[in-house]
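# A structural walkthrough
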Amino acid sequence: MCGIAGFFRNSGTPGHSEHRSWLEKMGDAIYHRGPDSGGVYLDGGIGLVHRRLSIIDLSSAGNQPMESISGRYVICFNGEIYNFRELRDALEKEGVGFRTHTDTEVLLALYERYGERCLELINGMFAIAIWDKENGELFLARDRLGKKPLYYFHVNGQFGFASEIKALKCVPFLKTNIRMDALKDFFAYQYVPDPKTIYQEIHKLPPGYLAKTDGETVHIKQYWDVDFTRANEAGPEQIQDELYDLVEDSVRLRMVSDVPLGAFLSGGIDSSAIVGLMAKNSNQPITTCSIGFDSKKFDEVEFAKKVATQFGTDHHEFTVRDDIADNLVPIARFFDEPFADPSFVPTFFVSELARKQVTVALAGDGGDENFAGYTKYRTDQIENRLRNLFPGWMRNALFPSLARMAGAFNGSIAGKASSLMSTLAIGPDEAFFRTNCFFRESVWEWLINDRVRRETSDYDVSKITSDFYNTPDTDDHLSRVLYTDIKTYLPGDILVKVDRMSMANSLETRAPLLDYRVVEYAAAIPSRLKLCGKDKKHILKKPFPGYLQKKRYIEKNGIFGSFGRLVTTSTERTC
């Protein structure tokens, strides 16, 4: 896990003598992402800088920027390629030689051999920058789900990129004017969705996209997307077995490390399954870390302790107390743009705790988005079923009036009725946006000045949700909703939070449930096996040990098998 940055300037642009100074400042800005070593590559108008957090091959041979054996390519790479050993073996059989034991050199060799098609072969999390000396072209790519960040600007023939915005701000000619529609997005989503940032001239390369530039022009294209049109027609038991084996393999791949490795443990099904599989595949006790709270309402440490005991882990805890206000400003600065998910606070502290014990931590991120784990999916499902009971003309003509009537009365029931009627009157895409966003037009109008009002009056903030909702070629409502969250909430909120808070502590996090193979497999599972009545993540609970997030055992007495495929009970429903 590292930090990367660089720029590509026209040969006729003045200021080349300052380029090295710019690169060094860019590297210093993201020092926390890679405190072990740093390197600079400068050749005319192209400059690359790398900060390294050593994980694989701890020797100096793994330092970057790294040049290919042929001398044609130079790479800056942030992330991990989990299947690099298999890829290296295949390349060696084809006569490719290697000087190091790093995944970076394997990635460089793959690109030299296959070009952009190498992205189809690698399984990992990554932000990649490769300079082609011969063609004078810079290649960039971001991993399929967006676990690793990659920002860029392209202004008047000048191009720059970085793992974090703060590094781009070190380039003196870059302007940081606020983007008003992004500001409006923030009030709706509580983060700035890809590919925007809060700044007009800075953008995010979206997950699953690559870019190529000669400095003058930039070509961006999508190389991967999750497909919800393939239906897995196997029976539930076969799906459970295949899912178990796939997630176990994803965990096993992410346990390759030359530095101490552990896991975040919340006590929920996702992190518990990951810890259980790690314990199965390790000869040593797994180091686990949990965050507790003063408030019993939010504290789940006791459930994490039970999981830790179940799998014999080396368990560590930290309690978040009320006196953390002084820490909020310095922690929040790691985001570089507005971000309002309050869970970044415990994420920072659990990362800080973990870093005292390990350098790499596995986490359960991705389970909710892939397997319908959020309560909002159940709420949305009920609303959509009610919506389908009435013809469109009736909903459009009658429900808005009913909503206004209910809103005229005081009380929570009247308020809920008004909200429900309003939601039923509109389409499922806009309804999903309204139910789950934080945007209130009246509050926005009260806050903004005339300039902002003029610049955003024609901007529909719900269009981001609607566009993604209507992208999948499927009539299944839940699949469309999950696709939308995989494209928006997951990379814009969850993965930003985890990346910034872990890297603020120089900690690498890995998410087995976001292995692209797991994501693709989950997309093909019928929705009825994900959200079964009130049972969220139904299919994920079947093959894995763990504890429910609702503060009770998955089994009445927490009964597990020898490792722990769950023992079936008579209380289970058939879906």
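The preceding data block contains the structure.
All of the points below concern the structure found in this document. (Residues numbered from 1 in each chain as written. Predicted model: local features only at pLDDT ≥ 70, side-chain atom pairs only at ≥ 80, totals over all residues. Heavy atoms only, no water.)

### Describing the overall build of the chain
- Counting its secondary structure elements, the chain contains 22 helices and 17 strands.
- Evaluated residue by residue, the chain yields a buried proportion of 59% over its 575 residues.
- In the chain, once contacts between residues fewer than 6 apart in sequence are set aside, the share between residues at least 24 apart is 70%.
- Just so you have it, the chain exposes about 24200 Å², and 50% of that area is on carbon and sulfur atoms. (Helix = DSSP H or I, 4+ residues; strand = E, 2+ residues; numbered from the N terminus. Buried < 20%, exposed > 50% of the residue type's maximum accessible area, 1.4 Å probe, protein only. Contact = heavy atoms within 4.5 Å. Areas by Shrake-Rupley, 256 points an atom, 1.4 Å probe, with all protein chains shown as cover.)

### Things to note about the environment of Tyr-31
- In this fold, Tyr-31 is placed in the loop between helix 1 (19–29) and strand 2 (37–43).
- For the pair formed by Tyr-31 and Met-503, sequence separation is 472 residues and the distance between their alpha carbons is 9.7 Å.

### A word on a nonpolar patch on the surface
- On the surface, Val-443, Trp-446 and Leu-447 cluster together into a nonpolar patch covering about 360 Å² of accessible area.
- As for its position among the elements, Leu-447 is in helix 16 (residues 441–447).
- For Leu-447, a relative accessible area of 43% translates into the label partly exposed. (Patch = residues over 30% accessible without salt bridge, like charges linked within 9 Å, V, L, I, M, F, W, Y side chains within 5 Å. Salt bridge = Lys/Arg side-chain N within 4 Å of Asp/Glu carboxyl O.)

### Quick word on the side chain of Glu-369
- Along the chain, Glu-369 falls in helix 11 (residues 367–371).
- The buried charged residue Glu-369 lacks any salt bridge, with Lys-376 as its nearest oppositely charged partner at 7.1 Å.
- One polar contact links Glu-369 to Tyr-374, side chain to side chain, over a distance of 2.5 Å.
- Each residue touching Glu-369, except ones within four places of it in the same chain, is listed here: Tyr-374, Tyr-377, Leu-482, Asp-485, Ile-486, Tyr-489, Leu-490 and Ile-494. (Lys, Arg positive; Asp, Glu negative; His and termini not counted. Polar contact = N/O pair within 3.5 Å; in protein donor to acceptor, adjacent residues only side chain to side chain.)

### Focus on the nonpolar core
- Leu-119 and Ile-128 are the most contacted members of the largest nonpolar core, which has 87 residues in total.
- If near-sequence neighbours (up to four positions away) are discounted, Leu-119 is found in contact with Phe-126, Ile-128, Phe-139, Ala-141, Arg-144, Leu-210 and Tyr-223. (Core = buried A, V, L, I, M, F, W, Y, C linked by side-chain atoms within 4.5 Å.)

### Here's the deal with the packing of helix 9 (residues 325–332) against helix 10 (residues 344–355)
- In contact at an axis separation of 11 Å, helix 9 and helix 10 are set at 85° when each is read in the N-to-C sense. Judged by the inter-axis angle, helix 9 sits roughly perpendicular to helix 10. Residue-level inspection shows Asn-327, Leu-328, Ile-331 and Ala-332 of helix 9 in contact with helix 10, the latter providing Phe-344, Val-345, Phe-348 and Phe-349.
- A breakdown of the residues in the contact of helix 9 with helix 10 according to their chemical character gives 7 nonpolar, 1 polar and no charged. (Axes fitted to C-alpha atoms, helices over the stretch in contact; angles between N-to-C directions. Parallel < 35°, antiparallel > 145°, perpendicular 65-115°, else oblique. Nonpolar A, V, L, I, M, F, W, Y, C, P; charged D, E, K, R; others polar.)

### Some thoughts on the sheet that holds strand 4 (residues 66–67)
- If you trace the 6 strands from one edge of the open sheet to the other, you get 4-5-6-7-11-12, paired in antiparallel fashion. The sheet terminates laterally at strand 4 and strand 12 (218–222), the two strands that pair on one side only.
- In terms of strand pairing, strand 11 (residues 209–213) meets strand 12 through 5 bridges, oriented antiparallel. By the bridge assignment for strand 12, Leu-210 is matched with Lys-221. (Pairing = 2+ DSSP bridges.)

### Observations regarding the sheet that holds strand 15 (residues 314–320)
- Strand order in the open sheet formed by 5 strands is 15-14-13-16-17, with parallel pairing between adjacent strands. The open sheet has two edge strands, strand 15 and strand 17 (508–510), and neither has a second partner. Direction aside, neighbouring strands of the sheet carry axes that sit 30° apart on average.
- Strand direction decides the pairing type here: strand 14 (residues 287–293) and strand 15, joined by 7 bridges, are parallel. The residue of strand 15 that forms the bridge with Ile-291 is Phe-318.

### A few points about the packing of helix 10 against helix 20 (residues 489–503)
- Look at helix 10 against helix 20: their axes get within 8 Å of each other, and the N-to-C directions meet at 40°. The angle between helix 10 and helix 20 falls in the class oblique. Between helix 10 and helix 20 the crossing geometry is right-handed. Of the residues in helix 20, those in contact with Phe-344, Thr-347, Phe-348 and Ser-351 of helix 10 are Lys-497, Val-498, Met-501 and Ser-502. (Left-handed = near helix turned anticlockwise from the far one by under 90°.)

Coordinates in, geometry out; function isn't part of it.
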